[in-house]
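Report on the structure
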Amino acid sequence: MNTRALRALLRLIADADSAGSVEDYRAELLVALVDVLPCDLLVWNEFPIGGSWEPMGSTQPRDAISPALQVTFSAHMLEHPLILDYASGDRRARRLSDAIGSRALHRLGLHYEFFRPLEVEHQLTLGLTGPPGCLVGISLNRAQHDFVDEDLLLADLLRPHLEAGELAVTRAVARAALTTREREVLDLVAAGATNAAVAEALVVSPGTVKKHLDNIYAKLGVSSRAAATARAGAPR
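Bear in mind the structure is a predicted one, so any value in this text is a computation, not a measurement.

Tallied over the full model, the rule gives 2 aromatic pairs. Plain terms: the ring middles of Phe73 and Phe114 are 4.9 Å apart, the flat faces sit at 55° to each other, and that makes the pair tilted. Pair noted here: Phe73 is in helix H3 (residues 67-76) and Phe114 is in helix H6 (residues 109-118), with a separation of 41 residues, a long-range link. The residues Phe73 and Phe114 share a single accessibility class, namely buried. Through pairs of rings, three or more aromatic residues link up here, namely Phe73, Phe114 and Phe115.

Written out as structure tokens, the structure reads:
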């Protein structure tokens, strides 16, 4: 194990809330992760199950998967032996070879039309928390030499840290879109305060608090106090 690379990866994750954007953080994360778990192609996945796939601009190397291959994957994604397991909520790190043998894999359209052009024979995947019906995770791919048990263990040990980093960066970016007063309102709401209590604490009218909440919902793309708190509440 490259302990120096591992420390660098963990530092990057710990500082996720200072990243300029979610996309920049994910791109840096993949570069650092390759040094810890070497592979030929590393992809940040985020797509609705049974829907169209977009790698969110995060692959290592960059732009390694063409738009045409993205469409191809969408057509064959449900052939992937691990997709439905992750869709059920099991986000553990897994190897493709533990789910399907080489001969059976090569008979799939997924392999012939997607994996083969990318020279992918071996894959290690891990799932992260995402919206309902959406698969979020990371896939590590190799042309030769399958991932060993130590790789699988390390990926599973890293998964909670990757989860925490993703939550931190998305929350920090969402909070940055709010004004100082909107953050104050949201933090009081997150603590359980009613509109009247928020108004009293900030010495404003309940109507002003409602306007602030409406603005917060619009900026965050949510429609409830709970959703706004989950998206941009202050970390505890």
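Here the narrative resumes.
We now examine the pairing of strand E1 (residues 41-48). Counting buried positions along E1 yields 6 of 8 residues, so the element is predominantly enclosed. Two strands pair when backbone bridges link them, and E1 and strand E5 (residues 134-142) are joined in this way by 8 bridges, in the antiparallel orientation. Within E5, the position partnered with Leu41 by the bridge is Asn141. By the bridge criterion, 2 bridges tie E1 to strand E2 (residues 59-60) in an arrangement that is antiparallel. Counterpart to Leu42 in the pairing with E2 is Gln60.

Moving on, we get to the side chain of Thr125. With respect to the element layout, Thr125 can be found in strand E4 (residues 122-128). In this structure Thr125 comes out as buried when scored by relative accessible area, which is 8%. Of note is the side chain of Thr125, whose polar atom sits 2.7 Å from the side chain of Tyr86. For Thr125, the contacting residues outside a window of four places in its chain are Leu82, Tyr86, Arg92, Ala93, Arg94, Ile138 and Ser139.

Volume-wise, the largest pocket comes out at about 530 Å³. Where the lining of the largest pocket is concerned, the elements lending two or more residues are helix H2 (22-36), helix H7 (149-176) and helix H11 (225-232). Of the residues assigned to the lining of the largest pocket, the class counts are 8 nonpolar, 3 polar and 6 charged. Around the second largest pocket, the lining comprises 14 residues; the ones closest to its centre are Tyr86, Ala87, Arg91, Cys134 and Leu135. If one sorts the elements of the lining of the second largest pocket by residue count, E5 sits on top with 3 residues.

What follows deals with the sheet that holds E1. Spatial strand order, E2-E1-E5-E4-E3: 5 strands in an open sheet with antiparallel pairing. Looking at which strands have only one partner, the edges of the open sheet turn out to be E2 and strand E3 (94-95). Most of the contacts of H7 go to E4, to which it runs at about 30°, and overall it touches E1, E3, E4 and E5.

Tracing the backbone through its elements, the reader meets Gln123 in strand E4. There is a polar contact of 2.6 Å between the side chain of Gln123 and the side chain of Asn141. For Gln123, the contacting residues outside a window of four places in its chain are His80, Arg94, Arg95, Leu96, Phe115, Ser139, Leu140, Asn141 and Phe147.

Definitions and limits used
Residues numbered from 1 in each chain as written. Predicted model: local features only at pLDDT ≥ 70, side-chain atom pairs only at ≥ 80, totals over all residues. Heavy atoms only, no water. Phe/Tyr/Trp six-rings, centres within 6.5 Å; stacked < 30°, edge-to-face > 60°. Helix = DSSP H or I, 4+ residues; strand = E, 2+ residues; numbered from the N terminus. Buried < 20%, exposed > 50% of the residue type's maximum accessible area, 1.4 Å probe, protein only. Pairing = 2+ DSSP bridges. Polar contact = N/O pair within 3.5 Å; in protein donor to acceptor, adjacent residues only side chain to side chain. Contact = heavy atoms within 4.5 Å. 1 Å grid on protein atoms, 1.4 Å probe; cavity = no way out; pocket = protein on both sides within 12 Å on 5 of 7 lines; lining within 4 Å. Points joined across faces, edges and corners; volume = space filled by probe spheres on them. Nonpolar A, V, L, I, M, F, W, Y, C, P; charged D, E, K, R; others polar. Axes fitted to C-alpha atoms, helices over the stretch in contact; angles between N-to-C directions.

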